[in-house]
Structure formats: C-alpha cells, structure tokens
Amino acid sequence: MMRRAEIFFAYLGQLLKAQMEYRLDFLVDITTTLLRQGVDLAFLAIIFTKVSRLAGWSFPEVVFIYGFFTLVFGLYNATFLSLISDFSDRYLIRAELDRVLTRPLGSLYQVFLERLRPLDLNGIVLGAALMVYAALRLDLAWGPLEWALLVPLVLGGFLVYSGFFLAITSINFWFEVRGGLAGPFMNLSRFGRFPATIYGPGLRAFLSTAVPFAFIAFYPSALLLGREEYLLVGLATPAVGLAVFAVAVFIWRRGIGRYQSAGS
Amino acid sequence: MMVGVAVYGAFMRNKVLESLAYRMRFAVGIPSYLLFVTVHFFIWRAVYQASPEAEIAGFNLGEILTYAAIAWIVRSFYYSRVDFEIAEDVRRGDVVRDLLRPVDFQLARMAEAFGESAFRFLVLTLPSALLVYLVFPVALPAGWIAGAAFGLSLLLSFVVYFQISYLVGLSAAFTEQAAGLIRAKAAAVELLSGFLVPLSFFPAWAEPILRWLPFRMVADVPLNLYLGRYDGREALLLLALQAAWALGLYALGRLAWRSVVRRLTIQGG
C-alpha cells in the first residue's frame, strides 16, 4: 500500500510537469469548458423563464444536479477519460500493454497512472461552483449527515461513471469494436445530468438498474437537496458505485487473462 | 468552366470514398442521434407538462417536439470536422501543397465538405430520421411547399455552416489555439442558431440581435420552414436572406484566405 502511494505521487509529479508545458492550452480549455457548460445552462435558464418547475424541480435544484454531474465528470476527465478514449489503439493494437505487464505492479493501476491528467480540473471547479451557487439560492440547511455524506456521494457517482466506462472498454479484450462502444454510452450518460423524473417510468428504471446513470448525479443530489423520498436510494450511491467498479475490475482481470499481445 | 466543375467533383468524390472507409464511425452516430433526440423529447415534454398554457412562445407541444427532433436530423447533415481539418492543414503548412495547384482552396474544401455531408446524408441522416420518425411523434413537413423550401434551406444551411467553419479553421494561421476557437464556435452555434431552443423563447432583448446574426441561417430558418410557419412569399424572402448570408460569408472567406496566404509567405522567410 505504501509503495503504491509512493508510485502514485511519482507519476503525479511527472505528469504535472508534462502538463505544465502546455499552460496556455490549459487556460483555453477552461474557457471552452465554461462556454460549453454556459450554453447548457443558458438552455436551462431560457426554459425556466417559461415554467417555474421541471418535473417537480426548480431551476436552482436542476442546476445543483447539473453541477453534481459536472463535478463527477470533471473527476472522470482528470482520471479515466484519456485511458478509456484510446485504450484499444494504444494498449491493444500498439500492444503497449506488453510493457505494462512486464512490471511488478497491477496492470490496471499502471495504465490508470499513466493516463492521469492532473491539471484537467476545470470540470471539478466549475461543477463545485454550480453546486455552491445552487445551494446558496436554495438556502440549503445541511446537517452533519449531509456534510459527512458529500464526499462519499461524489465518489460514489464517480465510481459509477468510471466503472461503467471501464467495463465497456474492457470488452475490447474480447472483440475490438471499431469506433468504440464508449461514444453512444457517453451520449446516453447525458441523461444523468437532468432530473430522472422527466423520463418515462421504463427509461427511469433502465437508468437506475442496467445502465445506472441516474446514480451519477440525480439520486445523490436528490438526497443532498433534502428530498426525503430519495433518502434510501441516495444513500445507496456509494454501494452502487463500488459494485459497478468491482464488475469493471472483474471484467478487466478476465480480459488481461486472455490478452495475447498483438502480432501473430 | 466544365473542367472546373469536374475538378471540384473529384474533390467531392474523393471525400465520399474516404468517408466510406470510416463508415462504421458514421453508423455509430445513429444511436447517438436517437439518444440526443430522446433527451430533448423528455425535456420538452416536462416543460409543457409544467406549463399552464398549451402554447409557449408560439409553439405547441407537437410543434416543439418536431422542431427539436428535426434540429438534430438537420445537424447530422451539415455537421463536419472540416474546421479541424483546415486548421490542421494550416498549422502544419500543408496548405502550401494547395497553393501549388491551380485549384481554388475554398471551393475545394467546400466540395470535400459537401462530399462528406452527402455521405452523412445517406448513412446517418436518413436512417436517423427514419428511426426518429418511427419512435417519436414527429410531424412531416407542413406541405409540399414547406418541404421544398426546407430542402433548399437545408442545402443553404450546409453552406452557411461550412463558411463559418472555414473562417474559424483559417484562424489557425494567426493563433495556436484554433482548436479552442473551433469548440467555442460549435457551442455558440448550438445556442445562437436556435438549434437548442427556438429564438422566440429567448428574452426580448436577445431575440432581435439573434435575428440579425448569421447563425440562425443554420437552424432557425430551415426548421421554421419545415413547420410551415411562413407563407410562400415570406419563405422565398428567407431563402434569399439565407443565400445572401452564404454569399457574404463566402466573400469574407476569400478575404481571410488572402491574408492567410500573405502570412504564410512571411513565415516562409
């Protein structure tokens, strides 16, 4: 465990140095992220000039859920995103996994470290800012329970998100999906940015079980927004996250067992 | 003249062939577009359920659902990565190759973009439209005239979108951060064109401004023509306005290209 932490910080230092070389890119990234999210928020704001509630949720509440999602996605962006976006190309087709497998450390941990983007914090900052704004607008009175749950809930949403996409990506060990499966699921994950109550019952059930994107932001947010009826399901978020991630690790290990490197 | 047409036809054909090699990438777009439409379908349904009135900003539920769905279908046609490609060509200096050829750079890129869009139309737009039509309560064009005006307008929205992309792509000659600008442009067009939400939903101060900007030529105009919200004469006027913007931006593109060439010569020493 100590050694793993040591290696983690060694990687982090190197990656930070590498990313600092592109400071201007970093600023431009923040600006474009702001614009991108700004467009979505403008869309919501315009809608809320016409109605006061959307499927039972007020504008600040919807912003809170959206901010929670942005925060979770920001964490994913800084950690798993680049690993998952070119995993098949880099590690399977170009067989960089060979190099990883010769070293005495878990393969998943290694590829995770290699592809960290420690400076891609803009989503995290923006998401947190949106949540604070919404919380102030709503005058949320959090007790010790909510404060204690904040971090586990965010991590739970993060594990759901990362675990799901890690599992999808690990399928590449069995068959290579040209163009990737992640794209359509990435678009499906957009469903998680809005209150799940806007969807029909079938779709909501689907997003709560088979593809549990409602746990990325909606259920944990509903709990933090003080909606009693979501207390239990909200509390389940960290457990759901751990379960999804465990499935991903399981699929990854089976995949590594099958890996035979590129070439003939 | 005939030779000229044949040359640009060749650019178009090459792009179609290139797209053919990546056809899976386009096909994967079909479920994605279905998902985009689904999210917006549910959002709009929730909006109209929450509203005491059946009509908001001049749209009833049926109209807004059709508007939102067709907005995505239209996008699947005009969208391309031509801005990234041009920026990359400019950044790497590959445009030198184009300068040596007796071919107009702007028209050649437009022919390529049109080749890609024609391919997208077959493998992405049509199947997505069919699926969306089967799954969601989407209306057909309001009539023959609306349908014809929409078809023409769709082509013009491609030209306007291409010209905007072209200008932003060329910015790579002046800044290292063209990729950021391109993404900013994509976000701006989504909002300001009426793609995400019709212009009549915007606050009273914003709507008149948006009507004077070129962005609405990409979504607002073709979509409202589809819904048959204009009579024959108004429709013609709008199409003329769209064509005027297409030409104006085209001329702006020529000016921009001239300054890019001057700039490239300087870099060459």
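As a reminder, the structure under discussion sits directly above these lines.
Conventions we followed
- Residues numbered from 1 in each chain as written.
- Chains lettered and ligands numbered in written order.
- Predicted model: local features only at pLDDT ≥ 70, side-chain atom pairs only at ≥ 80, totals over all residues.
- Heavy atoms only, no water.
- Helix = DSSP H or I, 4+ residues; strand = E, 2+ residues; numbered from the N terminus.
- Rg over C-alpha atoms; globule rule 2.2 N^0.38 Å.
- Contact = heavy atoms within 4.5 Å.
- Lys, Arg positive; Asp, Glu negative; His and termini not counted.
- Charge placed at Lys NZ, Arg CZ, Asp CG, Glu CD.
- Axes fitted to C-alpha atoms, helices over the stretch in contact; angles between N-to-C directions.
- Parallel < 35°, antiparallel > 145°, perpendicular 65-115°, else oblique.
- Left-handed = near helix turned anticlockwise from the far one by under 90°.
- Polar contact = N/O pair within 3.5 Å; in protein donor to acceptor, adjacent residues only side chain to side chain.
- Buried area = accessible area lost by both parts, 1.4 Å probe.
- Salt bridge = Lys/Arg side-chain N within 4 Å of Asp/Glu carboxyl O.
- Expected span 1.5 Å × (residues − 1).
- Buried < 20%, exposed > 50% of the residue type's maximum accessible area, 1.4 Å probe, protein only.
- Phe/Tyr/Trp six-rings, centres within 6.5 Å; stacked < 30°, edge-to-face > 60°.

(A) Inspection of the overall build of chain B at higher detail. Helix and strand content of chain B: eleven helices and two strands. N-terminal to C-terminal, the α/β element order of chain B is α-α-β-β-α-α-α-α-α-α-α-α-α. Its C-alpha atoms give chain B a radius of gyration of 20 Å, near enough to 18 Å, the size a compact globule of 269 residues would have. The principal-axis extent of the C-alpha atoms belonging to chain B is close to 70 × 40 × 35 Å. Considering only residue pairs separated by 6 or more positions, chain B has 80% of its internal contacts joining residues 24 or more positions apart. Here chain B contributes 23 positively and 19 negatively charged side chains, and the mean placements of these two sets differ by 6 Å.

(B) Representation of the packing of helix H3 (residues 59-79) of chain A against helix H8 (residues 122-138) of chain A in the model. All names here are of chain A. Contact geometry for H3 and H8: axes closest at 7 Å, N-to-C directions at 160°. Considering their axes alone, H3 and H8 lie roughly antiparallel with respect to each other. Considering how the two elements wind past one another, H3 and H8 form a crossing that is left-handed.

(C) Structural view of the environment of Glu 114 of chain A. All names here are of chain A. Here Glu 114 lies in helix H7 (residues 107-114). Between the alpha carbons of Glu 114 and Tyr 11 there is a distance of 7.3 Å; along the sequence they are 103 residues apart. With near-sequence residues (within four places) excluded, Glu 114 lies in contact with Tyr 11, Leu 15, Tyr 91, Arg 99, Val 100 and Arg 103. Looking at Glu 114, its side chain comes within polar contact range of the side chain of Tyr 91, at 2.7 Å. Here the side chain of Glu 114 touches Arg 99 through a polar contact of 2.8 Å, side chain to side chain.

(D) Geometry of the interface of chain A and chain B. Taken together, the contact pairs 31 residues of chain A with 31 residues of chain B. Across the interface of chain A and chain B, roughly 2800 Å² is buried in total on both sides, 76% from carbon and sulfur atoms. When residues of chain A are sorted by the area they lose upon contact with chain B, Phe 43, Ile 46 and Lys 50 of chain A head the list and together hold 21% of the total. At the surface where chain A touches chain B, the tally comes to one salt bridge. Put simply, Glu 190 of chain B and Arg 36 of chain A hold a salt bridge, and the shortest N to O gap is 2.9 Å. The interface formed by chain A and chain B includes three residue pairs in polar contact (both at pLDDT 80 or more).

(E) Summary view of helix H2 (residues 23-47) of chain A. Helix length check: H2 of chain A, at 25 residues, gives a terminal C-alpha distance of 36 Å against a target of 36 Å (1.5 Å per residue), a fit within 8%. All buried positions along H2 of chain A are accounted for by Val 28, Thr 32, Thr 33, Gln 37, Val 39, Asp 40, Leu 41, Phe 43, Leu 44, Ile 46 and Ile 47 of chain A. Where H2 of chain A is buried, its residues touch H3 and H8 of chain A together with helix H2 (23-50) and helix H8 (178-192) of chain B.

(F) Representation of the packing of H2 of chain A against H8 of chain A. Residues and elements named next belong to chain A. Running from N to C, H2 and H8 point in directions that differ by 40°, and their axes come no closer than 10 Å. In this view, H2 runs oblique relative to H8, as classed from their interaxial angle. As H2 packs across H8, the resulting crossing turns out to be right-handed. Counting all contacts with H2, which are made through Asp 29, Ile 30, Thr 33, Leu 34, Gln 37 and Leu 41, the residues of H8 involved are Asn 122, Leu 126 and Leu 130.

(G) Structural context of the packing of aromatic side chains. Residue and element names in this part refer to chain A. Counted under the stated rule, the structure contains 52 aromatic pairs over all chains. Geometrically, the ring pair formed by Phe 69 and Tyr 161 is edge-to-face, given 6.0 Å between the ring centres and 70° between the ring planes. Of the two residues, Phe 69 sits in helix H3 while Tyr 161 sits in helix H9 (residues 144-170), which places them 92 residues apart along the sequence. Of the two residues, Phe 69 and Tyr 161, both sit in the buried class.

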